[in-house]
Amino acid sequence: LTLVGRLAMLSVAVRETPNVDVANPMAKFAAKVYGSEEAPKLQGFLQFVQKTRGDVAQIKGGGGFQSSNEALRRYLGALELLPSRFPTGPNQCALKFSWKEAMTTKKVPDQSSYALEKASVLWNLAAVTSKAATMTDRASEEGCKQAWEHFQLAGDIFILVEEQFASQLNGLGSVDMSSASLKFNAALMLAQGYVCFYERAIKKQTARPLLAKIAEGVAESFELAKSYADQLRGSIDPSFVKHCSAQYSVYKASSCYQQGLAETDTARKTLAGFGVAIGRLKKCIELCKAAETIGVPSIRGATQQLAQLAEGALGPLEKDNREVYMEMVPTQLPALGKLPKNPMAHKEHKIAEFIVEDTRADEYRKDLQGLMPAVIRTASSAYTAQLEAAVDQVKREIKEVAEKKQAQLQEVNLPYAVDEVGKAGGLPDQLWEKIQDFNQARGGAAALENQVECLTQMESAAQSQIADIKGALDKEQADDQECRVAFGERWNRVPSEQLTKPMRDTLQGYIQRLEAAKATNAAIVSKYNSKKDVVALLSLSREELEAKLPAGGHEDNPALIAAKQSVRQELERLNQIELDIMAELDKLCGSMLQDNIDPLLLEAHTTGKPPESVIPQQVEKFNAARAALRSKANAIPETVASVKALFSKCAGLAQGDCARSIFLADVGEGLTVVLNGTKDLQEGLRFFERLLEYLRTIAQQSSDFVAARQIQKTGLAGQIANGSLS
């Protein structure tokens, strides 16, 4: 039974980088921007960054998991400190990062992108973790568990990189950092983790029917990985596609073998079911032979042995059936039923989780924060908040257009009213692939509900922090007013409400953003709850879903086939328009949210201008790009009208009364709700992370203000009491 344990496990290659000089460009920038008095204070920090990056450059992927893991996590912590104080770009810090591709071994042109640097470090963290997984001894149950945990973490890190960095790095020409590459590596790691789970189940002597279902789940995981590898054909070594194809066939064969033996035992006890058992074992042998034709030498021994085992069980079974039971061998084997919950379901992580706690980094963080006056930090937060509000607005506008498009198509059951039913009349492959992606890569409905819970907790934390800040400012203002009433004109300091107005205005902006976010989250949850019955269908296997799928409509004539094809082509054009707009939206939002005007704020501050006076012009510089994006979005309703016009010409095509297309449209709508909900909730989580960080800045500023006012109050009250101030 453990012969599949001999199959090769793949680790991911690291992205190599030279030990580039980062300290000198940062030192020059510090002297220019922060002044000659402040720059020398950073020498220790600059050496720390140079040393930690040098340690990362030494990692080549040959072993030493513990030291490589710590080096990557320590440098990731250093990286988190850089962007706010050492922004890159024209006339800013002249940092350049150099990396070689892992999937193609070519060198990407040097970049000044912190996003690329962070993504590359996380890639290498996933790579060394995958190496640790492949080197783990899986001879014991505990070894299998340790290996699958390593594979799962590696897969989760690739998903994190894809979600946070792929859209930002889209124009760099990096195969590694493409969405398809990151999804492929994530799916491959999670599939291999599933293999370890299967091996552990074998060692625990799990019942054959359950082993068959687990092996089926493993096969589906490799099928998903292959679908992403197919998107990379021509860019990566073709052996990746072959590997996934071979693994799919092997574990599909293993599933048939386990189920075939279980059905054989049942048949001999009940004297019925010999035909199904024979068909299952024959399918195992067929899959083994198919796997051998793929051209992956490392699997040949395992497939040959598995086929021999199946043939050994098949011979006596066929003899008994031929001589005694004479059952027909079905051409269509019964489905295995609902598969067990995927143990490799994606677990969401944050970059902060991968940072090694380092006391030096904590000390340097304080030094770096001291480089900017509190008024600059507050103005910077206000600028970011305004940009986020602008980003939210344009996203909301584009989303409304996309949702209106979806609703209009749903009214006439498109695209499913024109899909190609085929002979089997099963689920469209494209729909099933999306369902698999939701359940396997995104964690299914359970992950979505967990995100909702996290958002609720973060909402509560933000409201509590806002209440604390307002309470502290209100208390200080009331105290100041009480003294003003008691001492009259002798209480000659500036009233609190004048001093705290910028702080309160900023806080009010955050409160408005919080209320808008709460309303958005509530709408997401409401939409999800309204589709819970349909969402429940997404957890079914393909066979179970197809069993519920009504039969297709009447047979198509040639004219109708052509009419449907015209609609499908126009739908493809519509989808491409939307994809292009969404890609441009992601790019615009990324550039807006990464915009750093701290140097401009500091320049205004040092020349005696209010830092916030810089903000309006900086916000306006994105107006033209936002307007251009809105203009492009107008193509969506125009193309929807074209689709509907073509669809109306499909004479005889079942629209509202086609049970099959209605069922598929309902499933598709439910899937759209959960996929959009997952994406929106992830954005919500990132928003609340930023909001809580902004609130911590305001809280620190308000605390410093209250403390300074208390010292001032004590001194002024003392002067009044001893008569020195009349």
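Because the structure is predicted, anything quoted here is derived from the model rather than measured.

Rules used in this analysis
- Residues numbered from 1 in each chain as written.
- Predicted model: local features only at pLDDT ≥ 70, side-chain atom pairs only at ≥ 80, totals over all residues.
- Heavy atoms only, no water.
- Core = buried A, V, L, I, M, F, W, Y, C linked by side-chain atoms within 4.5 Å.
- Buried < 20%, exposed > 50% of the residue type's maximum accessible area, 1.4 Å probe, protein only.
- Helix = DSSP H or I, 4+ residues; strand = E, 2+ residues; numbered from the N terminus.
- Contact = heavy atoms within 4.5 Å.
- Pairing = 2+ DSSP bridges.
- Phe/Tyr/Trp six-rings, centres within 6.5 Å; stacked < 30°, edge-to-face > 60°.
- pLDDT = per-residue confidence, 0-100.
- Polar contact = N/O pair within 3.5 Å; in protein donor to acceptor, adjacent residues only side chain to side chain.
- Salt bridge = Lys/Arg side-chain N within 4 Å of Asp/Glu carboxyl O.
- Expected span 1.5 Å × (residues − 1).
- Bend = angle between axes of the 7 residues up to and from the residue.
- Axes fitted to C-alpha atoms, helices over the stretch in contact; angles between N-to-C directions.
- Parallel < 35°, antiparallel > 145°, perpendicular 65-115°, else oblique.
- Left-handed = near helix turned anticlockwise from the far one by under 90°.
- Nonpolar A, V, L, I, M, F, W, Y, C, P; charged D, E, K, R; others polar.

Looking at the nonpolar core
Of all hydrophobic cores here, the largest spans 136 residues; its most connected members are Met26, Phe45, Phe86, Leu122, Trp123, Phe184 and Leu414. Counting residues per element, this core draws most heavily on helix H6 (residues 179-203), at 15 residues. What Phe184 contacts, discounting residues up to four positions off in sequence, is Met103, Ala225, Tyr228, Ala229, Leu232, Phe240 and Cys244. By size, the runner-up hydrophobic cluster in this structure holds 44 residues, among which are Leu431, Leu681, Phe688 and Leu695.

Points about the pairing of strand S2 (residues 107-111)
Pairing of strand S1 (residues 97-100) with S2 involves three bridges; the strand directions are antiparallel. Bridging from a neighbouring strand, Lys100 pairs with Lys107 of S2. The antiparallel pairing of S1 with S2 creates a hairpin that spans six residues between the two strands, and Thr105 there sits at a positive phi of about 65°.

Regarding the side chain of Glu476
Of note, Glu476 is situated in helix H14 (residues 444-487). Once residues within four sequence positions are removed from consideration, Glu476 is found in contact with Arg493, Ser496, Phe705, Val706 and Arg709.

Description of the packing of aromatic side chains
Tallied over the entire structure, the rule returns twelve aromatic pairs. Consider the rings of Trp123 and Phe158, whose centres lie 5.1 Å apart with planes at 80°: the pair is edge-to-face. Highlighted residues: Trp123 in helix H4 (residues 114-135) and Phe158 in helix H5 (residues 141-165), separated in sequence by 35 residues. According to the relative accessible area criterion, Trp123 is buried, its value standing at 0%. Overall, Phe158 belongs to the buried group, its relative accessible area being 0%. Each residue in the set Phe29, Phe45 and Phe86 is aromatic and connected to the rest through ring pairs, giving one cluster.

Structural notes on the confidence of the model for the protein chain
Averaged over every residue, the pLDDT of the protein chain is 84; the share at 70 or more is 92%. Scored below 50 in pLDDT, residues 653-657 shows 13 contacts in the model against residues more than four places distant or in partner chains.

A word on the environment of Asp237
Topologically, Asp237 is positioned in the loop between helix H7 (208-231) and helix H8 (239-270). According to the relative accessible area criterion, Asp237 is partly exposed, its value standing at 42%. Residues Asp237 and Lys644, spaced 407 residues apart in sequence, show a C-alpha to C-alpha distance of 43 Å. Polar side-chain contacts of Asp237 include one of 2.8 Å to the backbone nitrogen of Ser239.

Remarks on the pattern of salt bridges
If the charged atoms of two oppositely charged side chains come close together, the side chains can form a pair. By the definition in use, this model includes 31 salt bridges. Here Arg15 and Glu101 are joined by a salt bridge, their closest N and O atoms 2.6 Å apart. Pair noted here: Arg15 is in the segment before helix H1 (23-34) and Glu101 is in the loop between S1 and S2, with a separation of 86 residues, a long-range link. Each member of the pair, Arg15 as well as Glu101, carries the same accessibility label: buried. The closest approach of N and O atoms between Glu476 and Arg709, which form a salt bridge, is 3.2 Å.

Quick word on the environment of Ala272
Structurally, the position occupied by Ala272 is in the loop between H8 and helix H9 (274-293). With 53 residues separating them in the primary sequence, Ala272 and Tyr325 have C-alpha atoms 7.9 Å apart.

Here we look at helix H10 (residues 300-325)
Given a rise of 1.5 Å per residue, 26 residues ought to cover 38 Å, and the 35 Å separating the end C-alpha atoms of H10 matches this to within 8%. In the structure, H10 departs most strongly from a straight axis at Leu314, where the bend amounts to approximately 25° and where the proline Pro316 lies between one and four residues downstream. Taken as a whole, H10 has its buried residues at Ala302, Thr303, Leu306, Ala307, Ala310, Leu314, Leu317 and Asn321. Close packing links the buried residues of H10 with H8 and H9. Positive phi shows up at Met326, right after H10, with a value of about 55°.

Side note on the packing of H6 against H8
Helix packing geometry: the angle between the two helix axes and the distance between the axes. Contact geometry for H6 and H8: axes closest at 12 Å, N-to-C directions at 30°. As summarised for this structure, H6 and H8 are arranged roughly parallel, according to the angle between their axes. Between H6 and H8 lies a crossing whose hand is left-handed. Counting all contacts with H6, which are made through Phe184, Leu188, Gln192, Val195 and Tyr198, the residues of H8 involved are Phe240, His243, Cys244, Tyr251, Ser254 and Gln258. Per-class residue counts for the contact of H6 with H8 are seven nonpolar, four polar and no charged.

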